[in-house]
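Observations on the model geometry
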Amino acid sequence: MIIILLGPPGAGKGTQATRIMSKNGLVQLSTGDMLRAAVAAETEVGKKAKEFMEAGKLVTDEIVIGIIADRIEEEDCKDGFLLDGFPRTVAQAEALDQLLKDKDLKVDAVVEMKVEDESLVDRITGRYTCANCNQGYHDTNLKPQKADVCDSCGSTNFNRRSDDNRETVVSRLATYHAQTAPLLPFYSAQGVLRTIDGMADIDDVTVQINDVLDKL
Ligand code: ADP
Ligand code: ADP
Ligand code: ZN
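Quick look at the structure, then. (Residues numbered from 1 in each chain as written. Chains lettered and ligands numbered in written order. Predicted model: local features only at pLDDT ≥ 70, side-chain atom pairs only at ≥ 80, totals over all residues. Heavy atoms only, no water.)

1. Quick word on the site of ligand 2
As a matter of local geometry, ligand 2 sits amid 18 residues, with Thr31, Arg36, Lys57, Arg88 and Arg172 nearest to it. Here a nitrogen atom of ligand 2 sits 3.1 Å away from a polar atom, N or O, in the main chain of Val59. Take Gln92: an N or O atom from its side chain is 3.0 Å from a nitrogen atom of ligand 2. Contact with the protein chains hides 97% of the accessible area of ligand 2, taken as 550 Å² for the molecule alone. No other element matches helix H2 (residues 31-40), which puts four residues into the shell around ligand 2. Of the residues in the shell around ligand 2, the class split is seven nonpolar, four polar and seven charged. (Near = heavy atom within 4 Å. Polar contact = N/O pair within 3.5 Å; in protein donor to acceptor, adjacent residues only side chain to side chain. Areas by Shrake-Rupley, 256 points an atom, 1.4 Å probe, with all protein chains shown as cover. Helix = DSSP H or I, 4+ residues; strand = E, 2+ residues; numbered from the N terminus. Nonpolar A, V, L, I, M, F, W, Y, C, P; charged D, E, K, R; others polar.)

2. Quick word on helix H7 (residues 166-180)
For H7, spanning 15 residues, the distance from its first C-alpha to its last is 20 Å, which sits close to the expected 21 Å at 1.5 Å a residue. If you check which residues of H7 are buried, you get Thr168, Val169, Arg172, Leu173, Thr175, Tyr176 and Thr180. Axial view of H7: buried residues confined to an arc of 160°, hence all on one face. Opposite the packed face of H7, turned more than 90 degrees from it, sit the exposed residues Glu167, Val170 and Ala178. (Expected span 1.5 Å × (residues − 1). Buried < 20%, exposed > 50% of the residue type's maximum accessible area, 1.4 Å probe, protein only. Arc of directions from axis to C-beta.)

3. Thoughts on the site of ligand 1
Lining the immediate surroundings of ligand 1 are 19 residues, of which Gly10, Lys13, Thr15, Arg127 and Tyr137 lie closest. A distance of 2.9 Å separates an oxygen atom of ligand 1 from a polar atom in the backbone of Gly14. Arg123 is positioned such that a nitrogen or oxygen atom in its side chain is 3.3 Å from a nitrogen atom of ligand 1. Relative to its free-state accessible area of 570 Å², ligand 1 is covered by the protein chains to the extent of 90%. Elements with a contribution of two residues or more to the shell around ligand 1: helix H1 (13-24), strand S6 (136-138) and helix H9 (202-214). Looking at the shell around ligand 1 element by element, the count peaks at three residues for H1. Here the shell around ligand 1 is built from residues that sort into eight nonpolar, seven polar and four charged.

4. Details of the coordination of the zinc ion (ligand 3)
The protein atoms donating to the zinc ion (ligand 3) are Cys130 (SG), Cys133 (SG), Cys150 (SG) and Cys153 (SG), with metal-donor distances spanning 2.3 to 2.4 Å. If you look at the zinc ion (ligand 3), its four donor atoms make angles of 101 to 115° with each other, and the shape they trace is tetrahedral. Assessed through its relative accessible area of 2%, Cys130 is described here as buried. For Cys133, a relative accessible area of 34% corresponds to the partly exposed category. (Donors = N, O, S within 2.8 Å, 3.2 Å for Na, K, Ca; no water. Tetrahedral: all angles 85-135°; square planar, octahedral: opposite > 155°, others 65-115°.)

5. Quick look at the pairing of strand S5 (residues 127-130)
Pairing between S5 and S6: three bridges, direction antiparallel. In the sheet register, Thr129 faces S6, and the bridge partner there is Gly136. Hairpin remark: S5 followed by S6, antiparallel, with five residues in the connecting loop; positive phi at Asn134, about 75°. With two bridges connecting them, S5 and strand S7 (residues 158-159) associate as antiparallel partners. From the neighbouring strand, Thr129 faces S7, where its bridge partner is Asn159. (Pairing = 2+ DSSP bridges.)

Structural measurements only, silent on function.
What follows is the structure in structure tokens.
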């Protein structure tokens, strides 16, 4: 099964991807996570990507398509995968279709997580993750059960992304509307688009996504 989670920054793609992954055994492919790892490791890709990411702009199609093309060749992707944050442009979607076609595969469903822009700013500026296991949290919406201790691994170290500030968020939302929203008619024309209410609470969103997946 090949599933795409599509939605603006802060829509809850990463949060839901983790949940769907554990329920359905699909691997999560997050281009954002892969790019952040490349930046941290100061690889060639990381050096090229850094500036774009800090400005809230998209990294070039060539870079992200290359990353995904390599990643889906790996053994753990052979039974399917869940894409989180890719594709983000029509050119990326067309490249993905071609990569899949070469393997006699296709996208099974694109789940659009619809969330209003005002909520996205709050979600992004309140977001943080466990520095050890990457579990996601939020200052008000999703706190660890014991203050400052990760529910999943017990770590007391947390990270905030350098691009999760108010100014960059505005730029990332504009980028989403200009460059990524055109994917909605693109996938609608393919008959694979399913839209869910991403404004609902986290558990309810999971139920809605599982409903979509169960019907495939
Ligand atoms: P994305 O991967 O789409 O950028 P995240 O999954 O990182 O988004 O979610 C952004 C922030 O919003 C996180 O801090 C997360 O805990 C919180 N969040 C996710 N889904 C919801 C929801 N349905 N309601 C409220 N807060 C949410
Ligand atoms: P969010 O869901 O909060 O927007 P991501 O972690 O998916 O964040 O992405 C962070 C940044 O990484 C983006 O703002 C962009 O610069 C870059 N990026 C991630 N995925 C892509 C992609 N498919 N195409 C281009 N740039 C990307
Ligand atoms: Zn943890």
